[in-house]
Amino acid sequence: MTINIPSDEVDATRLAFREGMAQLAAAVNIVTTDGPGGLAGFTASAVCSVTDRPPTLLVCLNRSSSVAGMFEKNRVLCVNTLAAGHEPMSRLFGGSTPQDDRFAVGDWVLAATGSPRLTDAVVSFDCEVENAVESGTHHVLFCRVVGIVHGPEDEEALVYFRRRYHHLK
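Here goes a summary of the coordinates provided. (Residues numbered from 1 in each chain as written. Predicted model: local features only at pLDDT ≥ 70, side-chain atom pairs only at ≥ 80, totals over all residues. Heavy atoms only, no water.)

Describing the overall build of the protein chain
Looking only at helices and strands, one finds four helices and twelve strands in the protein chain. Its C-alpha radius of gyration of 17 Å places the protein chain within 12% of the 15 Å reference for a compact globule of 169 residues. Projected onto its principal axes, the C-alpha coordinates of the protein chain cover approximately 60 × 35 × 35 Å. In the protein chain, 63% of the contacts between residues at least 6 apart in sequence involve partners at least 24 apart. Taken together, the 14 basic and 20 acidic charged side chains of the protein chain have centroids lying 4 Å from each other. (Helix = DSSP H or I, 4+ residues; strand = E, 2+ residues; numbered from the N terminus. Rg over C-alpha atoms; globule rule 2.2 N^0.38 Å. Contact = heavy atoms within 4.5 Å. Lys, Arg positive; Asp, Glu negative; His and termini not counted. Charge placed at Lys NZ, Arg CZ, Asp CG, Glu CD.)

What follows is the structure, given as C-alpha cells:
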C-alpha cells in the first residue's frame, strides 16, 4: 500500500501545532473565580461545550499560570464571553497585571457561585468544577453550568483568529 502525503503536510511539532491553532477562530472569554483561594481571572479562548445533559463546559488552564492554584482551590468559575468593545479588558486579563487591578476595570457582580460575572458580557456561564484532568502543560476543567446570563442580542462577539482580534455578529 502506498500513501501519498500532500506537500503542505508537516510533522506535528509544537511550532506546527501552534501555527495550525492560529487558524482556528475562537471566542474570547474572561474566566473568573473567587473563594478560599482568592480572586482571580484570566483570558481564555480554550473553552468549549461538552454536553447539555447536564450542561457542561470544558476550560483549559495552564498549570504554571499564577492563577492555577486559585482555581484549583475555589472549584468554581464564571466564563464571561467578551463583546467587541472588550478587547482592552482581554489584554489586561491576559497579561501580568495584578488581579485586583484587573477587576478594577468593567462592571462586575457576583454570580451564584461567588465568581465575578461581567455584566455586559455576550453571555456568562456560572460553573462548578466537577473534574480536572492534567494533559501536558494544562489542567482540563470540566465545569457544570449552574447559571447562564445572556447579554444583548445585537452585541458583536470578540473572536481571536490568526493572532488578531476580530468582531463577529
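Topic: the layout of surface pockets
Here the largest pocket defines a volume of roughly 1,500 Å³. Around the largest pocket, the lining is made up of 36 residues, and of these Arg-18, Met-21, Ser-45, Ala-46 and His-138 lie nearest the centre. Tallying contributions element by element places helix H1 (residues 14-21) first for the lining of the largest pocket, with four residues. Class assignment of the residues belonging to the lining of the largest pocket gives a composition of 19 nonpolar, twelve polar and five charged. (1 Å grid on protein atoms, 1.4 Å probe; cavity = no way out; pocket = protein on both sides within 12 Å on 5 of 7 lines; lining within 4 Å. Points joined across faces, edges and corners; volume = space filled by probe spheres on them. Nonpolar A, V, L, I, M, F, W, Y, C, P; charged D, E, K, R; others polar.)

Here we look at the environment of Thr-33
Looking at the secondary structure, you find Thr-33 in strand S2 (residues 29-33). If we ignore the near neighbours within four places in the chain, the residues touching Thr-33 are Gly-38, Leu-39, Ala-40, Met-70, Phe-71, Asn-74, Val-76, Ser-115 and Pro-116. A distance of 3.1 Å separates a polar atom in the side chain of Thr-33 from a polar atom in the side chain of Asn-74. (Polar contact = N/O pair within 3.5 Å; in protein donor to acceptor, adjacent residues only side chain to side chain.)

Quick notes on the packing of aromatic side chains
Counted according to the given criterion, the structure contains five aromatic pairs. Ring plane angle 90° and centroid distance 5.1 Å describe the contact between Phe-93 and Phe-103, whose orientation is recorded as edge-to-face. With a gap of ten residues between them, Phe-93 in helix H3 (residues 87-94) and Phe-103 in the loop between helix H4 (99-102) and strand S7 (108-110) connect regions that are remote in the sequence. Residues Phe-93 and Phe-103 agree in their burial class; the two are buried. Each ring, one from Tyr-160 and one from Tyr-165, has its centre 5.2 Å from the other, and the planes form 70°; the classification is edge-to-face. On the accessibility criterion, Tyr-160 (32% relative accessible area) is partly exposed. Here Tyr-165 falls in the buried class, since its relative accessible area comes to 18%. Here the aromatic cluster, defined as three or more aromatic residues joined through ring pairs, consists of Phe-93, Phe-103 and Trp-108. (Phe/Tyr/Trp six-rings, centres within 6.5 Å; stacked < 30°, edge-to-face > 60°. Buried < 20%, exposed > 50% of the residue type's maximum accessible area, 1.4 Å probe, protein only.)

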